[in-house]
Amino acid sequence: MRDDHLVGLLAVFVPFSLISIGGGISVLSGIQHEIVAVRGWLTAQDFVQLFAISRAAPGPGTMIATLIGWQISGWLGAVVATLAFFLPSSLLCYGVFRLSNAHREKAWHRAVRQGLAPVGTGLVISSVIAILQLSDGGPLTLLLAALSAIVVVVAPRVPVPLYLLCGAGLAVLYHTAMP
Amino acid sequence: MAEALPARSSDSASVRTDDNPSVSLSTLFLACLKLGLLSFGGGLSGWVYQDFVVRRRWISDEDFASSFAMGQMLPGGNVANLVVCLGEQLRGPLGAATAVFGLLVGPFFAVIAMATLIGSIPQTQLLDIALGGAAATAIGFLINLCWRGVRRESGNPAMLGIIAAVVIGVGVLKLHLLLVTLFVAPISIAIAWRRGNKDA
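Residues numbered from 1 in each chain as written. Chains lettered and ligands numbered in written order. Predicted model: local features only at pLDDT ≥ 70, side-chain atom pairs only at ≥ 80, totals over all residues. Heavy atoms only, no water.

A. Focus on the environment of A:Ile125. With respect to the helices and strands, A:Ile125 occurs in helix H5 (residues 107-135). For the pair A:Ile125 and A:Ser26, spaced 99 residues apart in sequence, the C-alpha separation works out to 8.1 Å. Residue contacts for A:Ile125: discarding those within four places in its chain leaves B:Cys146, B:Val150, B:Ile163 and B:Val167. (Helix = DSSP H or I, 4+ residues; strand = E, 2+ residues; numbered from the N terminus. Contact = heavy atoms within 4.5 Å.)

B. Here's a closer look at the packing of aromatic side chains. Residues and elements named next belong to chain A. As enumerated under the stated definition, the model contains 7 aromatic pairs over all chains in all. An angle of 80° between the planes, with centres 5.6 Å apart, marks the rings of Phe-85 and Phe-86 as edge-to-face. Judged on exposure class, the residue Phe-85 and its partner Phe-86 are both buried. (Phe/Tyr/Trp six-rings, centres within 6.5 Å; stacked < 30°, edge-to-face > 60°. Buried < 20%, exposed > 50% of the residue type's maximum accessible area, 1.4 Å probe, protein only.)

C. Layout of the pattern of salt bridges. Tallying each qualifying case throughout the model produces 3 salt bridges over all chains. One salt bridge in this structure joins A:Arg98 and B:Glu88, with 3.6 Å as the shortest N-O distance. Linking A:Arg98 in helix H4 (residues 64-100) with B:Glu88 in helix H4 (residues 78-120), this pair reaches from one chain into another. (Salt bridge = Lys/Arg side-chain N within 4 Å of Asp/Glu carboxyl O.)

D. Structural context of H4(A). Taking 1.5 Å per residue, 37 residues should reach 54 Å; H4(A) reaches only 31 Å between its end C-alpha atoms and comes up short. Its maximal kink placed at A:Ser73, H4(A) deviates by approximately 150°. (Expected span 1.5 Å × (residues − 1). Bend = angle between axes of the 7 residues up to and from the residue.)

E. Structural detail: the UniProt feature "transmembrane region" (unreviewed entry) in chain A. All names here are of chain A. Within this structure's numbering, the places UniProt gives as "transmembrane region" (unreviewed entry) are residues 7-31, 72-94, 115-132, 138-155 and 162-178. As a span, residues 72-94 carries 100% helix and 0% strand, and end to end its C-alpha atoms are 30 Å apart. Helix makes up 100% of residues 115-132 and strand 0%, and the two end C-alpha atoms of the span are 27 Å apart. (UniProt positions renumbered as here; feature names shortened; annotations may be inferred.)

F. Quick look at the side chain of A:Ser54. Relative to the assigned elements, A:Ser54 resides in helix H3 (residues 44-56). Residue classification places A:Ser54 among the buried positions, given a relative accessible area of 1%. In contact with A:Ser54, not counting residues within four places along its chain, are A:Gly61, A:Met63, A:Ile64, A:Leu67 and B:Val111.

G. Structural context of the UniProt feature "transmembrane region" (unreviewed entry) in chain B. Residue and element names in this part refer to chain B. The residues that UniProt annotates with the feature "transmembrane region" (unreviewed entry) are residues 28-49, 99-121, 127-147 and 159-192. Taken end to end, residues 127-147 is 100% helix and 0% strand, and its first and last C-alpha atoms sit 31 Å apart. With 88% helix and 0% strand, the stretch residues 159-192 has end C-alpha atoms that lie 9 Å from each other.

H. Just the interface of chain A and chain B, in detail. Listed by partner, the interface residues are 86 residues for chain A and 85 residues for chain B. Summing both partners gives a buried area of about 7,600 Å² for chain A against chain B, and 78% of it is carried by carbon and sulfur. Between chain A and chain B we count 1 salt bridge in total. For the side of chain A that touches chain B, the secondary-structure elements that each account for two or more residues are helix H1 (2-19), H3, H4, H5, helix H6 (139-154) and helix H7 (160-177) of chain A. Top contributing element to the side of chain A that touches chain B by residue count: H5(A), with 25 residues. (Buried area = accessible area lost by both parts, 1.4 Å probe.)

I. View of the nonpolar core. Counting residues in hydrophobic clusters, the biggest one holds 102 residues, and the most contacted among them are A:Phe13, A:Ile31, A:Ile68 and B:Phe52. Here the element with the most residues in this core is H4(B); it accounts for 17 residues. Excluding residues within four positions of it along the chain, A:Ile31 makes contact with A:Phe13, A:Phe16, A:Phe47, A:Ile68 and A:Phe85. Ranked by size, the runner-up nonpolar core spans 5 residues in total, among them A:Leu140, A:Leu144, A:Ala171 and B:Ala136. (Core = buried A, V, L, I, M, F, W, Y, C linked by side-chain atoms within 4.5 Å.)

J. Representation of the confidence of the model for chain B. Residues and elements named next belong to chain B. Taken as a whole, chain B shows an average pLDDT of 79; of its residues, 81% reach a score of 70 or greater. The element-level mean pLDDT for chain B is lowest in helix H3 (residues 61-73), coming to 74, with helix H6 (residues 157-172) highest at 93. Long-range and interchain partners of residues 1-19, a stretch whose pLDDT sits below 50, account for 27 contacts in this model, where long-range means more than four residues apart. (pLDDT = per-residue confidence, 0-100.)

K. A look at unusual backbone geometry. All names here are of chain B. Here Arg-57, not a glycine, exhibits a phi torsion of approximately 55°, which is positive. Within the fold, Arg-57 resides in the loop between helix H2 (44-55) and H3. Looking at Arg-57, the relative accessible area reads 52%, which means it is exposed. The phi dihedral of Lys-174 is positive, around 60°, even though this residue is not glycine. Mapped onto the secondary structure, Lys-174 falls in the loop between H6 and helix H7 (177-199).

So this is what it looks like as structure tokens:
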């Protein structure tokens, strides 16, 4: 049973590692679909909570992979999920960097770079749509997301934990004020 | 090791500068460990630039820029890819492995510690509401990322079309992500290729 989960974690995270153009966040909707809908390992609510925790913790935004592995299979699951999500893309990056570094001034190199950028942007927008549909918090969720998007542009240097704390506080205030 | 190294910008002609003897693996590890542990949300690339290029002068401006572009266009976390490229330039394969391990090992334990702390608090409705609020706030960072991506292509109707095609395929119609990417990416690269040739 446990082994099945570890193999399953590999089967989910290795492919997503290799297609996560635009950063790990771009495949968040895909991971959510696999973990929640296809395999039923976590509920949608669990997934959103893990996302919030991973954003509040330090490090790259995609440490949610570690948390998913940990939640499903403990420490071993956390190690397997982290390696499965970060190792394949790192190896690929390493190989491509060594091979193509000599060609970086060439036109094809620039075309690939510029062509992949909007694809990455589209994937991130899709992830936002998926998370908003998941979170099921009504107008308050939309309001807080929009508000924080504005604040992050105006004051990019505010520490993130402070941010999330304010969001949590506002949500509690809203619910106490109008039950 | 006897002579002091000259300013790094002077040797930008040499593409690869691996096995740079002035940077030990342990120094590289500690630098990445600090980056990983002290970085709260986004903007991490700017911090890497400040530390590796401006402060420590390990990497030239030009090498940083090309590594950054590479990290963005390939799959994988942008910052993880970035430190892989920088580590390779500093100390070869072992440097790349050291850098990415250093970046991830701190957050690995931090994120589990955070989940444990939250899990040990008895679940109440209020906690659910608070976590929901925090999650909604976190979505704002992603919206900012989207906004910057769209603005970058704002003078470029074809590329805006590419963004829209991906959003409709993956975000709205929920088609398989890999399928959509493999279909749209070649078209997008072809557009960029033709535009590049026209400019030249």
